[in-house]
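Remarks on the overall topology
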Amino acid sequence: MAGLELLSDQGYRVDGRRAGELRKIQARMGVFAQADGSAYIEQGNTKALAVVYGPHEIRGSRARALPDRALVNCQYSSATFSTGERKRRPHGDRKSCEMGLHLRQTFEAAILTQLHPRSQIDIYVQVLQADGGTYAACVNAATLAVLDAGIPMRDFVCACSAGFVDGTALADLSHVEEAAGGPQLALALLPASGQIALLEMDARLHEDHLEQVLEAAARASRDVHTVLDRVVRQHVQEASVLLGD
Amino acid sequence: MRPACAALKPPVQASLGPGGEHPFKTVCVLGSFRVYKVPSSDLRVDGRGCDDYRCVEVETDVVSNTSGSARVKLGHTDILVGVKAEMGTPKLEKPNEGYLEFFVDCSASAAPEFEGRGGDDLGTEIANTLYRIFNNKSSIDLKSLCISPREHCWVLYVDVLLLECGGNLFDAISIAVKAALFNTRIPRVRVLEDEEGSKDIELSDDPYDCVQLSVENVPCIVTLCKIGYRHVVDATLQEEACSLASLLVSVTSKGVVTCVRKVGKGSLDPESIFEMLETGKRVGKVLHASLQSILHKEESLGPKRQKVGFLG
């Protein structure tokens, strides 16, 4: 931890951003034609792809079917070349399984599952390049993919990470900032209502600072929502132009 | 700016008449190429001839954490390959050479059946085929990957990620592997000997001081599917479902065959195998020529070129 200043005296981070500033977000919907819904997002150097299949019949044992709502099934996979050190297995390890469960919890809160009883919605997320904030990028990509698939949702789900250094809350951590070992908060927010779909925090943080960090993450998530909203509107406009309306 | 043959939505209409492309032309648009021949009376569902490929889009240097990467889009088939060069010890039976390790991940985004371990079978089959086509002395100069005999060598981990499956996986994967190896930059190292005899490996200070691999002899796979009495190149998913047997031919740019494999539940006549082999060699040479020209053209644009990736 010696030598690397995460927040300089003038208030600049390692990559030149301000404390509450997000990385550049670029996204595209409808990347793959064969899947029901797909989306790609780049948040700085983190690149994630999300593909949605469904709603369709339950695969595997019928016993898993829920009589009153749809089953949301998520898989998180990160490519072996996504990190600096080569990963041996893309998915199936504990971290990927845990991320899959987190994604499932997040989207069960947002998707109107009562509209599709006894069916299954698959959300597959693939991380192509990991530079911090992979959970947030995955949630944002998956939101766009679910919208691309036309599955009704309560609201967008926008996620962002936040940290705490030198009394200041940082939004949208990069890999360097995450690896430095400070407290990290991952937040998934439904922006219109302000409801929190998922909140996870690692490392020690004094409870006096929690509100400040949470506020920074919520503000960043709302900024992400602005970007995603613009992407969706642009996509709908392009699609309607192609249809000739 | 989209390339001219970006009509990757299904299916391409049969438009080889007026207003369609001129036959006999190898169209090399930035990052994509199309291999054409005079169409005979047998046209396929999408208007291609039996020896025609769909429009291929190739882009290198897509992922920055790797030593080399490439993305290939062949119709609805989408492949991403990342090559990571790491230092390791040479194998015991080949102490003067480095080696390649292949890993194929059939992502669940290609098909829901590939979730969890469902894609492992297909992945292992493709990886084993890649090992076989590279298992000869001339495909890659492995001696150039050696740093110090018996102690250090470069190991190239070639990781293939299958994102979307639209037929003709082997061809697309081999094109992507060749493009990724062309894009691979291995850092230049020097071995310094101490007075005590202990060796130290020194990495060059300049991050752009790299060695490029020669991919002249890297083979590409041409899959020929037997449908009825004819065989077709670059089958779509529907055509693959109709064919009982296929022949995988691995061809280098000079037309040398490095591996032949028959796949499928049906059987093939020995004469058809020879015919398919000849077609494979012919088509393979044209494929290599187009791919080489496109890769060189992309490289000549330099590091300032606009990277499209999945956003375009």
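How each quantity is defined
The residue count restarts for each chain, going from 1 along the sequence in the order it is written. Written order determines the labels here, with chains lettered from A and ligands numbered from 1. Given that this is a predicted model, residues contribute local features only at a pLDDT of at least 70 and side-chain atom pairs are listed and counted only at 80 or more, while totals for whole chains, interfaces and linings are drawn from all residues. The basis for every side-chain value is the complete set of heavy atoms in the structure, and neither hydrogens nor water enter the calculation. Here a strand pair is declared whenever DSSP counts at least two bridges between the two strands. Helix numbering and strand numbering both begin at the N terminus, where a helix is a DSSP run of H or I of at least 4 residues and a strand a DSSP run of E of at least 2. Think of each axis as a best-fit line through the C-alpha atoms, taken over the contacting stretch in the case of a helix, with angles from 0 to 180 degrees between the N-to-C directions. We call two residues in contact whenever any of their non-hydrogen atoms come within 4.5 Å of each other. Here a helix's expected span is defined as the number of its residues, less one, multiplied by 1.5 Å. A 1.4 Å probe rolled over the protein chains alone gives each residue an accessible area, and that area as a share of the maximum for its type sets the label: buried under 20%, exposed over 50%, partly exposed in between. A side-chain nitrogen of Lys or Arg and a carboxyl oxygen of Asp or Glu constitute a salt bridge if their distance falls within 4 Å. Confidence per residue, as judged by the predictor, is encoded in pLDDT with a range of 0 to 100.

The subject of this paragraph is the sheet that holds strand 8 (residues 184-190) of chain A. Residues and elements named next belong to chain A. An order of 7-6-8-9 is seen for the four strands of this open sheet, with the pairing classed as antiparallel. The sheet is open, and its two borders are formed by strand 7 (168-171) and strand 9 (195-202), each paired with just one other strand. Taking each pair of neighbouring strands and ignoring which way they run, the sheet shows an average axis angle of 25 degrees. Those strands touched by helix 2 (residues 134-148) are strand 6 (158-165), strand 8 and strand 9, and its axis lies near 160 degrees from that of strand 6. Helix 4 (residues 207-243) rests against strand 6, strand 7, strand 8 and strand 9 of the sheet, and its axis sits at about 145 degrees to strand 6.

Spanning 15 residues, helix 2 (residues 169-183) of chain B covers 21 Å between terminal C-alpha atoms, matching the ideal 21 Å at 1.5 Å per step. By the criterion of burial, helix 2 of chain B is predominantly enclosed, with 15 of the 15 residues buried.

Bringing the pattern of salt bridges into the picture now. Pairing of side chains with opposite charge becomes possible as their charged atoms draw close. For the structure on display, the rule yields 32 salt bridges over all chains. Taking the shortest distance from any N to any O, the salt bridge between Glu239 of chain B and Arg44 of chain B comes out at 3.0 Å. Of the two residues, Glu239 of chain B is situated in helix 3 (residues 237-242) and Arg44 of chain B in the loop between strand 2 (32-34) and strand 3 (56-60); the sequence distance between them amounts to 195 residues. Of the two residues, Glu239 of chain B and Arg44 of chain B, neither departs from the other in class, the shared state being buried. The partner of Glu125 of chain B in a salt bridge is Arg261 of chain B, and the shortest N-O contact between them spans 3.0 Å. Pair noted here: Glu125 of chain B is in helix 1 (residues 120-133) and Arg261 of chain B is in strand 16 (residues 257-263), with a separation of 136 residues, a long-range link. Exposure remark for Glu125 of chain B: the relative accessible area of 32% places this residue in the partly exposed category. Through salt bridges that share partners, Arg13, Asp15, Arg17, Arg23, Asp131, Asp172 and Glu177 of chain A make up one connected network.

Further remarks concern the confidence of the model for chain B. Residue and element names in this part refer to chain B. Predicted confidence across chain B gives a mean pLDDT of 84, with 87% of residues reaching 70 or more. Averaged over each element, pLDDT in chain B is lowest for strand 1 (residues 27-29) (35) and highest for helix 2 (96). Overall, residues 1-31 carries pLDDT values under 50, and its contacts beyond four positions in sequence, including any with other chains, amount to 58 contacts. Low pLDDT, under 50, characterises residues 36-40; the stretch is placed with 14 contacts to residues that sit more than four places away or in other chains. In the model output, the complex is listed with pTM 0.89 alongside ipTM 0.91.

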